[in-house]
Amino acid sequence: MQKYIRKKRFINRENLNYREVRYDEIDKVTHIIKSGYHKDWGREFFYKMIDNENYILNIIKLNNKIIGFVAMQIAIDECDIIMIIIDKKYRGNGYSNYLIEETLRFLMVFGIKKIFLDVAKNNYPAIHLYEKFGFEKTNERPAYYKYNNIEIDALSYRLINN
């Protein structure tokens, strides 16, 4: 794996807010996904997620502007992170660190012990981030993602949240 190196950035946490999304904020979430992700999930997907007690959709706000989100599925004491995205305009500023930290804290409060996620094998910044937080690679999934008719392998990760 290629080593990903980035200068450490420090963010002012006073201007950041992590919380569950509201119905009236779904359009902002879908805007982030359309501008920075290879698949458009659509607002109905997120509305259904909010209505289902087994799913959690949390946002990160900077000065009252939604700049990222995490979508998760919960089952007893386990969580599958479906997607975690920072708006393209705000990447590289340490906000993903804050989003992961707050998500892990949030899940710990609810007694979630095991956290799983998949990441594209070529997404080196995300892999570096997850490994920094203690996620361990458990599996490789060939051709798991498809983007512009190109198949991309995924790496599966697990974290025991203590």
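Here, the structure is the one placed above.
As the structure is a prediction and not an experimental result, all values here were calculated from the model.

Some details on the pairing of strand E5 (residues 114-120)
For E5, the buried fraction is high: 5 of the 7 residues fall into the buried class. Looking at chain direction, strand E4 (residues 78-86) and E5 are connected through 4 bridges and run parallel. Residue pairing in the sheet places Cys-79 in a bridge with Ile-115 of E5. Of the crossover connections in this fold, the one passing from E4 over helix H3 (residues 95-109) to the parallel E5 is right-handed. In terms of strand pairing, E5 meets strand E7 (residues 150-160) through 7 bridges, oriented antiparallel. Bridge pairing links Ala-120 to Ala-154 in E7.

Here's the deal with the pattern of salt bridges
The final tally for this structure, using the stated rule, is 9 salt bridges. Ionic pairing is found between Glu-25 and Arg-22, a salt bridge with its closest N-O pair at 3.4 Å. Of the residues examined, Glu-25 reaches a relative accessible area of 3% and is grouped as buried. One salt bridge in this structure joins Glu-78 and Lys-114, with 4.0 Å as the shortest N-O distance. Here Glu-78, found in strand E4, pairs with Lys-114, found in strand E5; they are 36 residues apart in sequence, far enough to count as distant.

Overview of the environment of Ser-156
Turning to its location among the elements, Ser-156 is positioned in strand E7. A relative accessible area of 7% means that Ser-156 is categorised as buried. Between the alpha carbons of Ser-156 and Phe-116 there is a distance of 7.3 Å; along the sequence they are 40 residues apart.

Some points on the sheet that holds strand E6 (residues 136-147)
With mixed pairing, the 7 strands of this open sheet are ordered in space as E1-E2-E3-E4-E5-E7-E6. The sheet is open, and its two borders are formed by strand E1 (16-20) and E6, each paired with just one other strand. Taking each pair of neighbouring strands and ignoring which way they run, the sheet shows an average axis angle of 25 degrees. By the bridge criterion, 8 bridges tie E6 to E7 in an arrangement that is antiparallel. Bridging from a neighbouring strand, Lys-137 pairs with Tyr-157 of E7. With respect to the sheet, helix H2 (residues 43-51) is in contact with strand E2 (55-62), strand E3 (65-75) and E4, its orientation differing from that of E2 by roughly 110 degrees. Each of E4, E5 and E7 touches helix H4 (residues 124-132); the most contacted strand, E5, lies at about 160 degrees to it.

Cut-offs used in this document
- Residues numbered from 1 in each chain as written.
- Predicted model: local features only at pLDDT ≥ 70, side-chain atom pairs only at ≥ 80, totals over all residues.
- Heavy atoms only, no water.
- Buried < 20%, exposed > 50% of the residue type's maximum accessible area, 1.4 Å probe, protein only.
- Helix = DSSP H or I, 4+ residues; strand = E, 2+ residues; numbered from the N terminus.
- Pairing = 2+ DSSP bridges.
- Right-handed = clockwise from strand over helix to strand, strands pointing away.
- Salt bridge = Lys/Arg side-chain N within 4 Å of Asp/Glu carboxyl O.
- Axes fitted to C-alpha atoms, helices over the stretch in contact; angles between N-to-C directions.
- Contact = heavy atoms within 4.5 Å.

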